[in-house]
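Structural description and commentary
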Amino acid sequence: MNFRYSFQQIVNLKNNERTQAEWILSEAMGQLRTEETNLYGLFEQKENLQNEMADESSHSVSISKMMMMQSYMNHVDQQIARKHQDVQQAQHIVHKKREHLSERMVDEKVWSKAREKAFNQFQAFVAKKEQDTLDEMATNRFKRLTY
């Protein structure tokens, strides 16, 4: 007698949903890492530009070149501000995907527990049936031996 769970397809579906949610979370975390790396690169670029401006200002430099460098510094600052927003948005997405994954995990666990409970009931039923068969065999043997 084999165990056959009538809702096995639902259990499989919930497992697939959890796996898919893990993949989506992984993608979101990868995107967050990319945004953070880009932000770090912008900070390095700004630091290099500041060092270059300090070096240039110690020598004689034209006003137009300093204005151009300052303009570029303002541009980098704007990019940093936008990248901060991108990082925050990516963090928000990661948070939402984590919540979604935890919901999928709870859902899967509910169905897995239901399957486990059904399996335990099946095992108890099979054990009782076997015991009944053994009892019947012992009773029949006893009856044959007493006659």
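Residues numbered from 1 in each chain as written. Predicted model: local features only at pLDDT ≥ 70, side-chain atom pairs only at ≥ 80, totals over all residues. Heavy atoms only, no water.

**Regarding the overall build of the protein**
Within the protein, the regular secondary structure consists of 2 helices and 0 strands. In terms of C-alpha radius of gyration, the protein reaches 34 Å, well past the compact-globule figure of 15 Å for 147 residues. Taking the principal axes of its C-alpha atoms as reference, the protein extends roughly 125 × 20 × 15 Å. A total of 147 residues make up the protein; the buried ones form 18% of that total. Long-range contacts, defined here as pairs at least 24 residues apart, represent 86% of the contacts in the protein between residues at least 6 apart. (Helix = DSSP H or I, 4+ residues; strand = E, 2+ residues; numbered from the N terminus. Rg over C-alpha atoms; globule rule 2.2 N^0.38 Å. Buried < 20%, exposed > 50% of the residue type's maximum accessible area, 1.4 Å probe, protein only. Contact = heavy atoms within 4.5 Å.)

**As for the packing of aromatic side chains**
Ring pairs (aromatic) are described by centroid distance and by the angle formed between their planes. Within this structure, the stated rule accounts for 5 aromatic pairs. With a centroid separation of 5.3 Å and 50° between ring planes, the pair formed by Phe3 and Phe122 is classed as tilted. Pair noted here: Phe3 is in the segment before helix H1 (8–58) and Phe122 is in helix H2 (residues 63–146), with a separation of 119 residues, a long-range link. Since its relative accessible area comes to 18%, Phe122 is described here as buried. (Phe/Tyr/Trp six-rings, centres within 6.5 Å; stacked < 30°, edge-to-face > 60°.)

**Brief notes about the nonpolar core**
Grouped together as the largest cluster of nonpolar side chains are 12 residues: Ala21, Leu25, Ala28, Leu32, Leu39, Leu42, Val76, Ile80, Val87, Ala90, Val94 and Leu101. Elements represented by at least two residues in this core include exactly H1 and H2. With near-sequence residues (within four places) excluded, Val94 lies in contact with Leu25, Ala28, Met29 and Leu32. (Core = buried A, V, L, I, M, F, W, Y, C linked by side-chain atoms within 4.5 Å.)

**A short note on the environment of Asp77**
Here Asp77 is to be found in helix H2. On the basis of relative accessible area, Asp77 is assigned to the partly exposed category, the value being 28%. Here the alpha-carbon distance between Asp77 and Phe43, two residues 34 residues apart in the chain, equals 8.8 Å.

**So, the side chain of Glu35**
One can find Glu35 in helix H1. You can call Glu35 buried: its relative accessible area is 11%. One polar contact links Glu35 to Lys83, side chain to side chain, over a distance of 2.9 Å. When neighbours within four sequence positions are excluded, Glu35 is seen to be in contact with Lys83, Asp86, Val87 and Ala90. (Polar contact = N/O pair within 3.5 Å; in protein donor to acceptor, adjacent residues only side chain to side chain.)

**Some remarks on the side chain of Glu108**
Its location among the elements puts Glu108 in helix H2. The class of Glu108 is buried, set by a relative accessible area of 12%. Ignoring any residue separated from it by four or fewer positions in sequence, one finds Glu108 in contact with Lys14, Asn15 and Arg18.

**Focus on H1**
With 51 residues, H1 ought to run about 75 Å at 1.5 Å a step, and its terminal C-alpha atoms sit 75 Å apart, in line with that. Buried residues of H1: Val11, Lys14, Arg18, Ala21, Leu25, Ala28, Leu32, Glu35, Leu39, Leu42, Leu49 and Met53, and no others. Buried residues along H1 sit against H2. (Expected span 1.5 Å × (residues − 1).)

**Describing the pattern of salt bridges**
Using the criterion set out here, one finds 12 salt bridges in the structure. Between Glu35 and Lys83 there is a salt bridge, with its nearest N and O atoms 2.9 Å apart. With Glu35 in helix H1 and Lys83 in helix H2, this pair connects stretches of sequence that are 48 residues apart. Here Lys83 falls in the buried class, since its relative accessible area comes to 15%. Residues Glu56 and Lys65 are paired through a salt bridge, measuring 3.7 Å at the closest nitrogen-oxygen approach. On the basis of relative accessibility, which here comes to 22%, the residue Glu56 falls in the partly exposed class. Residue Lys65 is classed as partly exposed on the basis of its relative accessible area of 33%. (Salt bridge = Lys/Arg side-chain N within 4 Å of Asp/Glu carboxyl O.)

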